[in-house]
Amino acid sequence: MSPDPGRAPATSFHEPRAAPGTLIARGLGRGRASECAGASPAVRGYGIYTFPNSFFRYEGEWKGGKTHGLGCLVDQDGNVYRGSFHSNKQHGQGHVAFRNGDTYDGDWVRGQRQGHGVLRCADGSTYEGQWHSDVFSGLGSMAHCSGVVYRGMWINGHPVARAARIVILGPEMTCVAAGSSFPVCVQLQQEDGAVAESEDGRVLRVSAGVRYVQLPAHSDVCFFHVDQDRREAPIQTPFGFECIAYPLSSASLGSPEPRAAPESTRDLGAALTSDALHGRGDTPGDLPAGGRSACCPEDCRRVERGRAEFLDIRLGPPPPGYHPIPFLDCLSKKASSRPGGDLGPRTGAPTVRDPPGGSRPDGAAGAGPRTEAFPGDYVIMVQDVTAPPFLGHTLPTAFQHLRVSVKGPGQQPPVPGEDPKAQN
């Protein structure tokens, strides 16, 4: 659907102008063909008028030499209007079938859609409500082909109470214990901060990232060393640091591979149909007409009255190809559950440890694969992956800073690159 559907060029109707053409009048008019500049003022009743460009053609009732009453008009673009006319203009009730497949049924005033009407678009989107000067204006509802439904006021073709941003509720930084689950509650908010309760059906996807750290003395060292074939571009966050994709794990989300934030409309559409997004490789069917979807990817939620919830979210263990680096000794001490190994001050450069499952942060042999995230700084991201975007607009991604500690919210791990004593 056009980003400006109330004034879409494909749904405009060309009005015929008086020009020499052929008129065949019947009934109360003169029953003969004639060449004339417009219809004769004496013509009234029923007639067929073919314009010289051979595209414009009117068949219907006349009064005083003008189209007046019920009739059918085909314009130069192939759009077909059937309904009421008044003084050469569509006026009253009418139906138009546009060449692009859209249709409109409703009120017309002096050649423009005005009053109450229903626009059904070829892509499956539908608008029903009030019109003024050929655009959506007043109370109306739209069922978009993406599944989004908006009910409320429209002005000049645009929804007044449309969502402008995604907001993750809670503090900017949340502290959780390693291995614990947490909810992510989301609101869609308007420009003025009010909840966009007029919107239903946007698809939001939750994902995570781990802080990307480069130590000053070793520019190629970060919190996780990532294998070359799994590296993606770091994601910029509003917290003054970058992050790299990290997997989430829960009863509903499973254990998807880490994915970076989509940056384009094409990426968003691909994300909605990708195996990684669906978790188990399920691909939903096409959205039916009217924009209602029967299913949603496992790490996605559809918004209801401007709100969505992701429950039982948990950071998973480091995925294959992500190798943790114990860049701070105190972090290694806190991560260790038993004494052993060399925990004294390090003087050399940090080294890359074996992948999780082959070793523990303290250097001792592990009993099994690691099942939880390492302490550190992570980011929760909620993205608008509605496809196609509602009225051509995708909401910006929302971020929440997540700090994972060994013992719980009251025990914060040191921040990479900072003095641990400075945090006390």
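Residues numbered from 1 in each chain as written. Predicted model: local features only at pLDDT ≥ 70, side-chain atom pairs only at ≥ 80, totals over all residues. Heavy atoms only, no water.

Right, let's get into the overall build of the protein. A count of helices and strands for the protein gives 3 helices and 26 strands. Counting over 424 residues, the protein shows a buried share of 46%. Sequence-distant contacts in the protein: of pairs separated by 6 or more residues, those separated by 24 or more amount to 53%. Just so you have it, the protein exposes about 20,300 Å², and 51% of that area is on carbon and sulfur atoms. (Helix = DSSP H or I, 4+ residues; strand = E, 2+ residues; numbered from the N terminus. Buried < 20%, exposed > 50% of the residue type's maximum accessible area, 1.4 Å probe, protein only. Contact = heavy atoms within 4.5 Å. Areas by Shrake-Rupley, 256 points an atom, 1.4 Å probe, with all protein chains shown as cover.)

The next thing to look at is the sheet that holds strand 16 (residues 182-189). The strand order 14-16-23 describes an open sheet built from 3 strands, whose pairing is antiparallel. The outermost strands of the open sheet, each flanked by one partner alone, are strand 14 (165-168) and strand 23 (307-313). For this sheet, the mean inter-axis angle between neighbouring strands, taken without regard to orientation, is 20°. By the bridge criterion, 4 bridges tie strand 14 to strand 16 in an arrangement that is antiparallel. (Pairing = 2+ DSSP bridges. Axes fitted to C-alpha atoms, helices over the stretch in contact; angles between N-to-C directions.)

Time to look at the packing of aromatic side chains. On inspection of all chains with the given rule, the structure shows 15 aromatic pairs. Aromatic side chains Tyr 127 and Trp 131 sit 5.7 Å apart centroid to centroid with 85° between the ring planes, which places their arrangement in the edge-to-face category. Note on Phe 136 and Trp 154: the rings are 5.2 Å apart at their centroids and 85° apart in plane angle, and the pair reads as edge-to-face. Of the two residues, Phe 136 sits in strand 11 (residues 135-143) while Trp 154 sits in strand 12 (residues 149-155), which places them 18 residues apart along the sequence. On the accessibility criterion, Phe 136 (0% relative accessible area) is buried. Residue class for Trp 154 comes out buried when judged on its relative accessible area of 0%. (Phe/Tyr/Trp six-rings, centres within 6.5 Å; stacked < 30°, edge-to-face > 60°.)

Here the focus is the environment of Phe 399. If you trace the backbone, Phe 399 turns up in strand 26 (residues 398-405). Taking the relative accessible area as the measure of exposure, Phe 399 reaches 24% and is therefore partly exposed. Expressed as a C-alpha distance, the spacing of Phe 399 and Pro 238, which sit 161 residues apart in the sequence, is 7.5 Å. Once residues lying within four places of it in the same chain are set aside, the contact partners of Phe 399 are Ile 168, Ile 235, Gln 236, Thr 237, Pro 238, Phe 239, Val 379, Ile 380 and Met 381.

In this section: a nonpolar patch on the surface. Where nonpolar side chains cluster on the molecular surface, the patch consists of Leu 139, Met 153, Ile 155 and Val 160 and spans about 380 Å² of accessible area. Within the element layout of this structure, Leu 139 appears in strand 11. (Patch = residues over 30% accessible without salt bridge, like charges linked within 9 Å, V, L, I, M, F, W, Y side chains within 5 Å. Salt bridge = Lys/Arg side-chain N within 4 Å of Asp/Glu carboxyl O.)

Time to look at the pattern of salt bridges. Close approach of charged atoms allows side chains with opposite charge to pair. Taken as a whole and judged by the stated rule, the model has 11 salt bridges. For Arg 151, the salt bridge is made with Asp 200, and the minimal N-O distance between the two is 3.0 Å. With a gap of 49 residues between them, Arg 151 in strand 12 and Asp 200 in strand 17 (residues 199-200) connect regions that are remote in the sequence. Of the residues examined, Arg 151 reaches a relative accessible area of 48% and is grouped as partly exposed. In this structure, Arg 202 engages Asp 384 in a salt bridge whose closest nitrogen and oxygen atoms are separated by 2.8 Å.

Moving on, we get to unusual backbone geometry. Cis peptide bonds are those with omega within 30 degrees of zero, and the linkage from Ala 387 to Pro 388 qualifies with -5°. Of note, Pro 388 is situated in the loop between strand 25 (376-384) and strand 26. Positioned with a positive phi, Asp 312 is a non-glycine residue whose angle comes to about 55°. With respect to the helices, strands and loops of the structure, Asp 312 is situated in strand 23. A relative accessible area of 29% places Asp 312 in the partly exposed class. Backbone geometry at Leu 391 places phi at a positive 55°, although glycine is not the residue there. With respect to the element layout, Leu 391 can be found in the loop between strand 25 and strand 26.

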